[in-house]
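This is what each chain is made of:
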Amino acid sequence: MSDIRSDAGGSGAAPRTTALDAVHRALGATMTDFAGWDMPLRYGSERDEHLAVRSRAGLFDLSHMGEITVRGPQAAEVLDYALVGNLSRLAVGRARYTMLCDASGGILDDLIVYRTGEATYMVVANASNAQTVLDALRERAAGFDAEVCDDRDAYALIAVQGPEAAGILKGLTDADLDGLKYYAGLPGTVAGREALIARTGYTGEDGFELFVSPDDAVAVWEAVTEAGRPAGLVPCGLSCRDTLRLEAGMPLYGHELTTRTTPFDAGMGRIVKFEKTANDGAFVGREPLEKAAAQAEKAPPRKLVGLIAQGRRVPRAGYTVVSAADGSVIGEVTSGAPSPTLGKPIAIAYVDPAFAGPGTEGVAVDIRGTHEPYEVVALPFYKRQR
């Protein structure tokens, strides 16, 4: 749910700015056009920002994400039909990671859905896919007693991530953070401003995402910055967010997830709920996803794995994975970067199942004509201590 999950690049128009734009510039951030938004890439060293989140806390502006509200007597039925998850079973105050698929089972976007009321849900889409998600939900809501509302301008989204996140926020909120479970959200105040406080994130660390009014974004950012200063909190850009999610084995739309992949291809078939009963069990993409599930169980054409470099050269998306024995192509890298936590380059790749077992030898990545040796590992690369 979950940020730099979308491919960069806008429509050619001037990028939009968030309510925190002036703050980022005052902090000396390097800005980039990301999915049509002018966003902070880094403030200083992306490695230092990454390690701050792993050891202390980082503060992110994620206001480019797309919030869509679905409300009405049949809001649950709309989402059960439109998405692969069983959202009617989601309790009020809880959140769920799910996907929007097309009629052939291809992934249009990965989403986090919050049930904010008995008949109200907030769907959070990736920035570059928000209009696609909005259009699909409106089309799929036809005939149901529910409305789909574009609330992208109603929210700024600020994330506090890292082991010190809860301690930093406790003095700023009236919410019971100790009682707030992972993938749950509740209304409260932060620095005296109304917020939806969610225990979600895209870094592999404990943390919170704060949905606030754009008018309150600067005040909340500054209050969190001040409260976090003794704990070593630092502002963080999208660059370190990408390396954090990569270490945590979290997929990125446009890389691990595309319209050419199903949830089963990505090893995430568990989020597809064939057992849901709303709409007589019907949902968009059901039949091809059933076929994908059967294929994944019997003979998957490829599997998603982690790769750790034995050398120092960094793999990038699109690089070919080969057999070291004969140079034959056995897969493709979808994401790659230096890992500040492991101290080595890492990658996620789709590979032939014969080479997917952890510890498989004889796997290499073709980096500009040189076959660099890599170790196959199970995802994630990093898992926080609880």
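Sequence order as written defines the numbering, with residues in each chain counted from 1. Local features in this predicted model are restricted to residues of pLDDT 70 or higher, and side-chain atom pairs are both shown and tallied only at a pLDDT of 80 or more, whereas totals for entire chains, interfaces and linings draw on every residue. Think of the side-chain values as coming from all heavy atoms in the structure, minus any hydrogens and water.

## A look at the pairing of strand E15 (residues 303-309)
Burial classification: accessible surface area is computed with a 1.4 Å probe over protein chains only, and a residue below 20% of its type maximum counts as buried, one above 50% as exposed, and the rest as partly exposed. Starting at the N terminus, helices and strands are each numbered in turn, a helix being any DSSP run of H or I of at least four residues and a strand any DSSP run of E of at least two. Across the seven residues of E15, five count as buried, placing the element largely inside the fold. In this analysis, strands are considered paired if DSSP registers two or more bridges between them. Pairing between E15 and strand E18 (residues 344-351): six bridges, direction antiparallel. By the bridge assignment, Leu304 is partnered in E18 with Tyr350. With four bridges joining them, E15 and strand E20 (residues 370-377) adopt antiparallel strand pairing. The partner of Ala309 across the bridge, within E20, is Tyr374.

## Quick notes on the packing of aromatic side chains
The pairing test for Phe, Tyr and Trp rings, Trp by its six-membered ring, is centres within 6.5 Å, and the orientation test on the planes gives stacked under 30 degrees, edge-to-face over 60, and tilted for anything in between. Taken as a whole and assessed by the stated rule, the structure comprises six aromatic pairs. A centroid spacing of 5.5 Å and a plane angle of 75° characterise the contact between Tyr114 and Phe211, whose relative ring orientation is edge-to-face. Within this pair, whereas Tyr114 is found in strand E7 (residues 107-117), its partner Phe211 is found in strand E13 (residues 207-212), the two being separated by 97 residues in sequence. A relative accessible area of 2% means that Phe211 is categorised as buried. Taking the centre distance of 6.0 Å and the plane angle of 85° together, the rings of Tyr155 and Phe211 count as edge-to-face. With a gap of 56 residues between them, Tyr155 in the loop between strand E9 (147-150) and strand E10 (156-161) and Phe211 in strand E13 connect regions that are remote in the sequence. For Tyr155, a relative accessible area of 24% gives the class partly exposed. Following the ring pairs from residue to residue traces out a cluster consisting of Tyr114, Tyr155 and Phe211.

## Digging into the UniProt feature "domain: GCVT N-terminal" (unreviewed entry) in the protein
Taking the UniProt record as the reference, the feature "domain: GCVT N-terminal" (unreviewed entry) is found at residues 22-276. This span, residues 22-276, is 24% helix and 29% strand, and a straight line between its end C-alpha atoms measures 46 Å. UniProt positions are given in the numbering used here, feature names are shortened, and annotations may be inferred rather than shown by experiment.

## So, the packing of helix H2 (residues 46-55) against helix H7 (residues 238-247)
Axis separation between H2 and H7 bottoms out at 8 Å; the angle between their running directions is 50°. Relative to H7, the element H2 lies oblique. Between H2 and H7 the crossing geometry is right-handed. Of the residues in H7, those in contact with Glu46, Glu49, His50, Val53 and Arg54 of H2 are Ser239, Cys240, Thr243, Leu244 and Glu247. Considered class by class, the residues forming the contact of H2 with H7 number three nonpolar, three polar and four charged. For helices, the axis comes from a line fit to the C-alpha atoms of the stretch in contact; other axes are also lines fit to C-alpha atoms, and the angle between any two N-to-C directions lies between 0 and 180 degrees. Angle categories are assigned with fixed cut-offs, so that under 35 degrees is roughly parallel, over 145 is roughly antiparallel, 65 to 115 is roughly perpendicular, and the rest are oblique. By definition, any crossing whose near helix is turned counterclockwise from its far helix by less than a right angle is left-handed, and any crossing with a clockwise turn is right-handed. Working rule for contacts: check all heavy atoms of both residues, and any pair within 4.5 Å makes them a contact. Classification convention: Asp, Glu, Lys, Arg as charged; Ala, Val, Leu, Ile, Met, Phe, Trp, Tyr, Cys, Pro as nonpolar; all other residues, Gly among them, as polar.

## Re the sheet that holds strand E1 (residues 16-17)
Backbone-to-backbone hydrogen bonds join strands into a sheet, with any given pair of strands oriented parallel or antiparallel. Taken together, three strands build an open sheet; the order of strands is E1-E3-E2 and the sheet is mixed. Two strands in the sheet have a free side with no partner beyond their single neighbour: E1 and strand E2 (30-34). Judged from the five bridges that link them, E2 and strand E3 (residues 37-42) form a sheet pairing that is antiparallel. Opposite Phe34, over in E3, you have Trp37 as the bridge partner. Along the sheet face, H7 touches E2 and E3 and points at about 70° away from the line of E3.

## A closer look at the nonpolar core
When a protein is soluble and globular, its nonpolar side chains tend to lie buried together. Among the buried residues, those of types Ala, Val, Leu, Ile, Met, Phe, Trp, Tyr and Cys that are joined through side-chain atoms within 4.5 Å form a nonpolar core. If you look at the biggest cluster of nonpolar residues, it comprises 41 residues, and the most contacted ones within it are Phe60, Val84, Tyr97, Met99, Tyr114 and Phe211. Put simply, the parts of the chain that give this core at least two residues each are E3, strand E6 (95-101), E7, strand E8 (120-125), E10, strand E12 (193-198), H7 and helix H8 (286-298). The element that contributes the greatest number of residues to this core is E6, accounting for four residues. Non-local contacts of Met99, meaning those with residues more than four positions away in its chain, are made with Leu83, Val84, Ile107, Asp109, Asp110, Leu111, Leu257, Pro263, Met268 and Ile271. In this structure, Ala57, Val160, Ala184 and Val190 belong to the second largest nonpolar core, which totals 31 residues.

## Some remarks on unusual backbone geometry
Keep in mind that most residues, glycine aside, have a negative phi and that most peptide bonds are trans. At the junction of Leu379 and Pro380, the peptide bond is cis and its omega measures out at 0° in the coordinates. Tracing the backbone shows Pro380 in the segment after E20. One non-glycine residue, Tyr183, lies in positive phi territory at about 60°. A positive phi angle, close to 55°, is found at Ala191, a residue other than glycine. The residue Ala191 is located in the loop between strand E11 (185-190) and E12 in this model.

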